[in-house]
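The residues making up each chain are set out below.
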Amino acid sequence: MSERPWSSTAPPGEFRPFVPDGETLKEFTLRAVILGALFGLLFGAITVYVGLRAGLTVSASIPISVLSISILRAFGRSTILENNIVQTTGSAGESLAAGVMFTIPALIFLGFGAEFTFWRIFPLALLGGWLGVLFMVPLRRQLIVKEHGNLSFPEGTACADVLVAGERGGSFAGRVFWGLGLGGIYTFLMNTVQAWTSQPEARPNWFQGASFRMTITSEYLGVGYIIGSRVSGILFAGGIISWLVIMPAIRFYGQLANNVPIYPSTIPIPLMSPDQIWGTYIRPMGAGAVAAAGLITLLRTLPTILSALKAGLKDVRAEGTGESTAAASRTDRDMPLRWVVVGSMLIIVMMWILLTFHPIQGAETRWYHNLFAGIFVTVFGFLFVTVAARISGLLGNSSNPISGMSIATLMATCAIFFVAGWTAPNYQVLALMIGGVVCIAAAIAGATSQDLKTGYLVGATPFWQQMGLLIGVTVSTMAIGTTLNLMNKGLEKYIPTQMPVSIQSLPTGVKVERDSFTYQGKNYQLINSLGSHEIPDGEYLYSPDTKQIEYQWAQGIGSLKAPAPQARLMATVISGILNQRLPWRLVLMGVALVIAVEILGVRSLAFATGSYLPLGTTAAMFAGGLIRSLIDATTKKKDESEASPGALYSSGLIAAGGVFGLLGIIINLLQDPEISNRVPHWLTSVLRLPWPEKLFSLGPRFWPALAVNEKLPMPTSAQSLLGIFMFVLLGASLFYFARKKLN
């Protein structure tokens, strides 16, 4: 089998899976499921920790694949299908965590922080995770099998290459592990040693409001090479429009406002940094663009959806008439569609039970409101699971705008609530419950589609992959809920803040959350500010004696150590629509931009995604796409039966960014001054925790002029030039190995 010609990128007519359909290997074994579940717990917790701190996530499929190959091999011979089950089960934790942390913490910002508990997070995460897995079942044949050759699924393809490399060895494996090794050294030196900046940047005075930047990670370079210059170029074009056209225009015209803040900002535009302009003005535009492009994509996908449902209903009828569906080939055996239908109905019932019999205190809603929420979740869930899966196939899961789709869901839900007159705070929470479950389902669908693509390429059994995903979702939910709670409690602070305010006539956007709140033996009133022009967002302790705010209660989530930017955005959208304070003109500008792009004949989804993402991300991907174009222009056509050397090396670069990025995360965890409060005492003693904060940060100590300096708002010219030089060296290694023939 190891000598059998195979290519993950072979055209549809010539493709065949690595493990033939008629061959039976060990797959859904106990050790594979247990190891995958453990990885789900670990990566779910780490993703929550990092995502709340940085607002982004690291894909876990490829790191888990690499670790699985090594660990299972240490316990005896393992099969490629076992390793695939490990990564499928384990990656559910990372994707589930992304969906949860982008939405559910918004409860805190909406003024219901006391309800942010494990038993509130766990059921919502579980329902969203199950929904995402179930809805991907009828879409698998259409998106994964029939669209092979059209949708690249870059992470899924890279993961298959890694699994096959571990199985085959030789030159094939060597090319992947060269990328893993060189990319790993590069990532470790950049992120952990902090030898050079990870984001070179220039903000020229002659072009105020603009920011020329590139996030020079190995994984973005690898993804850009795999998706090619066409898609990466459209992505980059969206970023250019946002960062180098609209933002400078906002800065230019904003100086005419005489230093008066323009909503939704509370800061005058001339005083705003490019990041603040992007976060305040560009993100609502990008959310409108992504929502419009997603709807257009959805309309284009309707024939695919109907075809998938028709094929699934045919299977159900065959089961009902007693015809054997087991006769289907091993690599084409999905979970029965009947399970999907029954499971979806159960999710509606469970959602209704959760909201009716375990409501959030102070946000109770009637039974028919809750039934409406359950139906909305399934309708929006199916729509955005479809869109998320296609985006994942086109651009990769790392570029899947989950938060953008969640915003679209919240906008639609809140618009219906507003028309119905449901604008009280309890309906804000109900809208968040709907948006949160849909966001989690979309996040799971993006990762699930990559996993199913990996399985299709290596010859796995879809049914066992889908079962592994359900197990992974269920197990990792426990770690995610626990981590969120620990961070929220462990990082909370009370910050002295003197601010006079009239409790009888609070500014718009400010409300009394609790009439009685005790701190240091003194009684306060707890007030919450969201979207106010006078008081920054947050929760405050108001003293009836002094008639002013005395402290800001900074809960762990929302603090400087865990700002949760995506969840704060969700809360702002909900409150903005229901209280009529959403910047609709910005949203509609994004919609208009997408319509213009469609009229020009360009598929708008990649463009809209690029306009929503940071410019540094799309610029690094475009660099990978340019190298792909250069290789295509300077080399002859390769034998289609062999995997592309550049794609294999890029797979290694993506794996390196994941594995060594997570290594840096673990080191940061062990350096956290408060880690001793969250781990057993014996572990603290054995590892001597916490480690010194700058233990591995050699760059700032030995070459401070060129290395990372966290005190500076942006890197100096010398620091940026060093970063660009190192990225060019990494790009040169990709060019070299892409041209080097496989033995």
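You'll find the structure just up there.
Predicted model only: the values in this text are computed from it and were never measured.

Rules and cut-offs
Residues numbered from 1 in each chain as written. Predicted model: local features only at pLDDT ≥ 70, side-chain atom pairs only at ≥ 80, totals over all residues. Heavy atoms only, no water. Pairing = 2+ DSSP bridges. Helix = DSSP H or I, 4+ residues; strand = E, 2+ residues; numbered from the N terminus. Axes fitted to C-alpha atoms, helices over the stretch in contact; angles between N-to-C directions. Salt bridge = Lys/Arg side-chain N within 4 Å of Asp/Glu carboxyl O. Buried < 20%, exposed > 50% of the residue type's maximum accessible area, 1.4 Å probe, protein only. Phe/Tyr/Trp six-rings, centres within 6.5 Å; stacked < 30°, edge-to-face > 60°. Lys NZ or Arg CZ within 6 Å of the ring centre and 35° of its normal.

1. Comments concerning the sheet that holds strand 7 (residues 548-554)
Taking strand neighbours across the sheet as the criterion, the five strands line up as 3-7-6-5-4 in an open arrangement whose pairing is antiparallel. Of all strands in the sheet, those bounded by a partner on one side alone are strand 3 (493-500) and strand 4 (510-519). Across this sheet, the average inter-strand angle for adjacent strands is 30°, counted without regard to direction. Looking at chain direction, strand 6 (residues 538-543) and strand 7 are connected through four bridges and run antiparallel. If you follow Y540 over to strand 7, its bridge partner there is Q552.

2. Looking at the pattern of salt bridges
In the structure shown here, the tally under the stated rule is 12 salt bridges. R390 is paired through a salt bridge with E147; the nearest N and O atoms lie 3.9 Å apart. Linking R390 in helix 12 (residues 367-395) with E147 in the loop between helix 6 (140-146) and helix 7 (154-168), this pair joins segments that are 243 residues apart in sequence. Via salt bridges that share partners, R140, R141, D332 and D334 belong to a single interconnected network.

3. Examining the pairing of strand 6
With respect to burial, strand 6 is a largely interior element, six of its six residues being buried. Because side chains alternate across strand 6, one face comprises the buried residues G538, Y540 and Y542, and the other comprises E539, L541 and S543, equally buried. The pairing of strand 5 (residues 522-529) with strand 6 spans five bridges and is antiparallel. Looking at strand 6, one finds that Q525 is bridged to Y542. In sequence, strand 6 turns back onto strand 7 through a hairpin of four residues, with K547 there showing a positive phi of about 60°.

4. Some remarks on the packing of aromatic side chains
Summed over the entire model, instances satisfying the criterion amount to 35 aromatic pairs. Here W206 and F207 contribute two aromatic rings whose centre-to-centre distance is 6.0 Å and whose plane-to-plane angle is 5°, an arrangement assigned as stacked. Classification of W206 by relative accessible area gives exposed; the value is 70%. Judged by its relative accessible area of 25%, F207 is partly exposed. Through a chain of ring-to-ring contacts, the aromatic side chains of F372, F376, F380, F384, F417, W422 and Y427 assemble into a single cluster. Residue placement shows R628 over the ring face of Y225; its charged tip is 5.3 Å from the ring centre.

5. Regarding unusual backbone geometry
The amide bond that connects L689 to the next residue, P690, takes the cis arrangement and shows omega of -5°. Assignment of secondary structure puts P690 in the loop between helix 21 (681-687) and helix 22 (698-702). For F153, which is not glycine, the phi torsion reads 45° and is therefore positive. Structurally, F153 is set in the loop between helix 6 and helix 7. Non-glycine residue N258 carries a positive phi angle of around 55°. With respect to the helices and strands, the residue N258 is situated in the loop between helix 9 (218-254) and helix 10 (274-320). For N258, a relative accessible area of 65% gives the class exposed.

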